[in-house]
Amino acid sequence: MNPYLTVSELNQYIADLLDGDIFLRDFWLKGEISGFKLYQQSGHLYFTLKDADSSISAVMFRSRARRLEFKPENGMEVLVRGSVSVFAPQGRYQLYVEEMEPYGVGGVYLFLEQLKEKLQQKGYFDVEKKKPLPAYARRIGVVTSQDGAALRDILRVLRQRHRGVDVVLVHSAVQGAEAPEQIARGIKLLNLYGQVDLIIVGRGGGSFEDLMPFNSEEVVRAIYESELPVISAVGHEVDWTLADLAADVRAATPTQAAQLAVADLEHLSQECNQLQQRLIRIMQRRLQQESEILDRLMMNRAWQKPRQMVQQYQQYCQELRVQMQKAMENRVNQSRQRLAMAVSGLERLSPLKVMQRGYAVVHNQAGIIKSVENVQPGDCLSITLLDGELCTQVKQKEKVIRWNL
Amino acid sequence: MEPVKFEQALKRLEELVSQLEDGELELEEALRLFEEGVRLSRYCQQELKAADGKVQKLVQTLEGDLELVDCEELLEG
């Protein structure tokens, strides 16, 4: 055996020492981030954790870093869980970070701001995506702790307003590490079940830390993705959680959530009664009106003295008949007059009238002769006089030019 | 009762009342609507008198089935 070690052997020895230490395998450490670097290619995070006097280099591999719910920044105080081991190639010991979370109120607020912005960009808080609550919910899903005051408040108020409502509870932790996953699962389970009209998710008041599950991305996403309307009821009047922002309706307290969830039975019942009464009143009035109309109709003479009505009609018929006769007579007289006028017109135009004055008509077989041009000496012509015919032969012809022709 | 059914019934009842109030309807039609309205209002009243609701717990079995478990004792709180 050599009396010396190689560098590799030394580093390996130290690594074995550190790895063998139970405490160094898994512990929580608080520190401030500096020299933060994200290697784009590998996705690993490299940074230094420090306090006032000391520092240690740290690495968070991509597989762990992917689960981070916030963006680490220089100067941020964080709590990390991890182990210490040796990076043999450089003979350096460093912190291998498994989990990291913001430390203290400042860190948490910063984390929340970042998360809020991120979820806002995903549209989880969009007002236009909010679903309306059903007006008459009868089955209410509740995601909360079965041991909490919130559930008792919700049940009490639901019963007060509407004893008929059914409640379907999914029990979940509402604080601590398990809470986000359990709350989200409860919302999903109720959606899977489907037979509730809406979901109330919440808890009674608590410290800022107690309310943190309602700021987790997991819960916010489950609320956003819920097909059923969600009322958030994180008992905290002042601050809004991210769950409140994602919910369709935010109630300040579980009590208020129950009030929003169901209609007041008393009120509904009154509404129903009023409608019924109105219905009956309208119908009574209508029937009264109709019977008045009927009464008026029955008072008409037609129903009182039918014979008189018939006589009136007979008289009217008679009048009509007389009018009709008169009209017919007028028509006949008019026609006679028109005939006489036509006959006298005809007489005035008759050729016989002209012949009476000594005129005659000369014609041959072709027709009436109006010019000497159409006649040759020797032609036979007929001459029609008022009282007979003459057959003649032309001896000679002579054309006369008349001044007016 | 399904809430949708109740909601629809109440809405229809409101419609009927305002239609009848308009008074433009033939008497026969009005009587028909009136009968429907009376039926609906009885239905609504009946539904509102429904028995006390249940409190149940929804759990998922190891096989992944959903199961409802009665737990009225939670009301005592």
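All figures in this text were calculated on a predicted structure; none of them were measured in a lab. (Residues numbered from 1 in each chain as written. Chains lettered and ligands numbered in written order. Predicted model: local features only at pLDDT ≥ 70, side-chain atom pairs only at ≥ 80, totals over all residues.)

The secondary structure content of chain B amounts to two helices and two strands. Moving toward the C terminus, one meets the helices and strands of chain B in the order α-α-β-β. Across the 77 residues of chain B, 21% fall into the buried class. For chain B, long-range pairs separated by at least 24 residues make up 32% of all intrachain contacts whose partners lie at least 6 apart in sequence. (Helix = DSSP H or I, 4+ residues; strand = E, 2+ residues; numbered from the N terminus. Buried ≥ 20, exposed ≤ 12 C-beta atoms within 10 Å, placed from the backbone. Contact = placed C-beta atoms within 7 Å.)

Looking now at the interface of chain B and chain A. Contacts between chain B and chain A engage 34 residues on the former and 35 residues on the latter. Secondary structure elements with two or more residues in the side of chain B that touches chain A: α1 (3-22), α2 (27-48), β1 (55-60) and β2 (66-70) of chain B. Looking at the side of chain B that touches chain A residue by residue, the class counts come to 21 nonpolar, seven polar and six charged. (Nonpolar A, V, L, I, M, F, W, Y, C, P; charged D, E, K, R; others polar.)

Another point: the sheet that holds strand β5 (residues 92-102) of chain A. Residue and element names in this part refer to chain A. Spatially, the five strands close up into a barrel ordered β1-β2-β3-β5-β4, and their pairing is mixed. In this sheet, neighbouring strand axes are inclined to one another by 55° on average, regardless of whether the strands run parallel or antiparallel. Sheet topology note: the strand β1 (residues 27-38)/strand β2 (residues 45-50) ladder contains five bridges and is antiparallel. Note on β2: the bridge partner recorded for glutamate 32 is lysine 50. (Pairing = 2+ DSSP bridges. Axes fitted to C-alpha atoms, helices over the stretch in contact; angles between N-to-C directions.)

This part takes up helix α4 (residues 104-121) of chain A. Taking 1.5 Å of rise per residue, the 18 residues of α4 of chain A would be expected to cover 26 Å, and the 26 Å separating its terminal C-alpha atoms lies within 8% of that figure. Following α4 of chain A by one or two positions, glycine 123 of chain A adopts a phi angle in the positive range, close to 85°. (Expected span 1.5 Å × (residues − 1).)

It is worth spelling out the packing of helix α10 (residues 265-298) of chain A against α2 of chain B at this point. A pair of packed helices is captured by two measures, namely the crossing angle of their axes and the spacing between those axes. At their nearest, the axes of α10 of chain A and α2 of chain B sit 10 Å apart, and the two run at 160° to each other. The angle between the axes of α10 of chain A and α2 of chain B places the two elements in the roughly antiparallel class. Where α10 of chain A crosses over α2 of chain B, the two elements pack in a sense that is left-handed. Facing Leu265, Leu268, Ser269, Cys272, Leu275, Gln276, Leu279, Met283, Arg286 and Glu290 of chain A of α10 of chain A, the residues of α2 of chain B in contact are Leu27, Ala30, Phe34, Gly37, Val38, Ser41, Cys44, Gln45 and Leu48 of chain B. In terms of residue class, the contact of α10 of chain A with α2 of chain B is built from 12 nonpolar, five polar and two charged. (Parallel < 35°, antiparallel > 145°, perpendicular 65-115°, else oblique. Left-handed = near helix turned anticlockwise from the far one by under 90°.)

So, about the sheet that holds strand β14 (residues 388-393) of chain A. Residues and elements named next belong to chain A. If you walk across this open sheet you meet the four strands as β12-β11-β13-β14, and the pairing is antiparallel. The sheet is open, and its two borders are formed by β12 (367-368) and β14, each paired with just one other strand. Where strand β11 (residues 361-364) meets strand β13 (residues 380-385), three bridges bridge the pair, whose relative direction is antiparallel. Each bridged residue has a counterpart across the sheet, and for valine 362 the counterpart in β13 is isoleucine 383.

Right, let's talk about the nonpolar core for a bit. Nonpolar side chains tend toward joint burial in soluble globular proteins. Residue and element names in this part refer to chain A. Formed by 67 residues in total, the largest nonpolar core has its most connected members in Ile140, Ile154, Leu158, Ile200, Ile223, Ile231 and Ala261. Both domains that meet at this core, namely domain 2 (136-263) and domain 3 (265-327), each give it at least three residues. Residues Ala58, Met60, Val78 and Met100 belong to the second largest nonpolar core, which totals 12 residues. (Core = buried A, V, L, I, M, F, W, Y, C linked by C-beta atoms within 7 Å. Domains from an automatic or database assignment.)

Attention shifts here to α2 of chain B. Residue and element names in this part refer to chain B. With 22 residues, α2 ought to run about 32 Å at 1.5 Å a step, and its terminal C-alpha atoms sit 31 Å apart, in line with that. Among the residues of α2, those classed as buried are Ala30, Phe34, Gly37, Leu40, Ser41, Cys44, Glu47 and Leu48. The buried residues of α2 occupy one face: seen down the axis, they fall within an arc of 150°. For α2, exposure combined with an orientation more than 90 degrees from the buried face picks out Glu28, Glu35, Arg39, Arg42 and Gln46. (Arc of directions from axis to C-beta.)

Time to look at the confidence of the model for chain A. Averaged over all residues, the pLDDT of chain A equals 89, while 98% of them reach at least 70. Per-element averaging of pLDDT across chain A places helix α11 (residues 301-304) of chain A at the bottom with 70 and strand β6 (residues 139-144) of chain A at the top with 96. (pLDDT = per-residue confidence, 0-100.)

It is worth spelling out the confidence of the model for chain B at this point. Residue and element names in this part refer to chain B. Residues of chain B with pLDDT of at least 70 account for 90%, and the chain-wide mean is 82. When pLDDT is averaged over each element of chain B, β1 comes out on top at 90 and α1 at the bottom at 82. Reported confidences for the modelled complex are a pTM of 0.58 and an ipTM of 0.73.

Turning our attention to the environment of glycine 205 of chain A. Residues and elements named next belong to chain A. Tracing the backbone shows glycine 205 in the loop between β8 (198-203) and α7 (217-225). When the 15 C-beta atoms within 10 Å are taken as the criterion, glycine 205 is described as partly exposed. With 29 residues separating them along the chain, glycine 205 and valine 234 place their C-alpha atoms 6.6 Å apart.

In the case of a regular strand, side chains alternate between the two sheet surfaces. All names here are of chain A. As judged from the six bridges shared by β1 and strand β4 (residues 77-87), these two strands associate in the antiparallel manner. If you follow leucine 29 over to β4, its bridge partner there is valine 80. Hairpin remark: β1 followed by β2, antiparallel, with six residues in the connecting loop; positive phi at glycine 43, about 80°.

We now examine the pairing of β6 of chain A. All names here are of chain A. Of all six residues in β6, six are buried, a share of seventy percent or more. Of the two faces of β6, the one carrying Arg139, Gly141 and Val143 and the one carrying Ile140, Val142 and Thr144 are both buried. Across six bridges, the pairing between β6 and strand β7 (residues 166-171) is parallel. Counted as the bridge partner of isoleucine 140 is valine 167 from β7. Taken together, β6, helix α5 (residues 149-161) and β7 form a β-α-β motif whose crossover is right-handed. (Right-handed = clockwise from strand over helix to strand, strands pointing away.)

It is worth spelling out the packing of α5 of chain A against helix α9 (residues 254-261) of chain A at this point. All names here are of chain A. Closest axis-to-axis distance for the α5/α9 pair is 8 Å, and the angle between their directions is 30°. The element α5 and its partner α9 pack so that their crossing is right-handed. Contact residues: Ala150, Asp153, Ile154, Val157, Leu158 and Arg161 in α5; Pro254, Thr255, Ala257, Ala258, Gln259 and Ala261 in α9. Of the residues that constitute the contact of α5 with α9, the class distribution is eight nonpolar, two polar and two charged.

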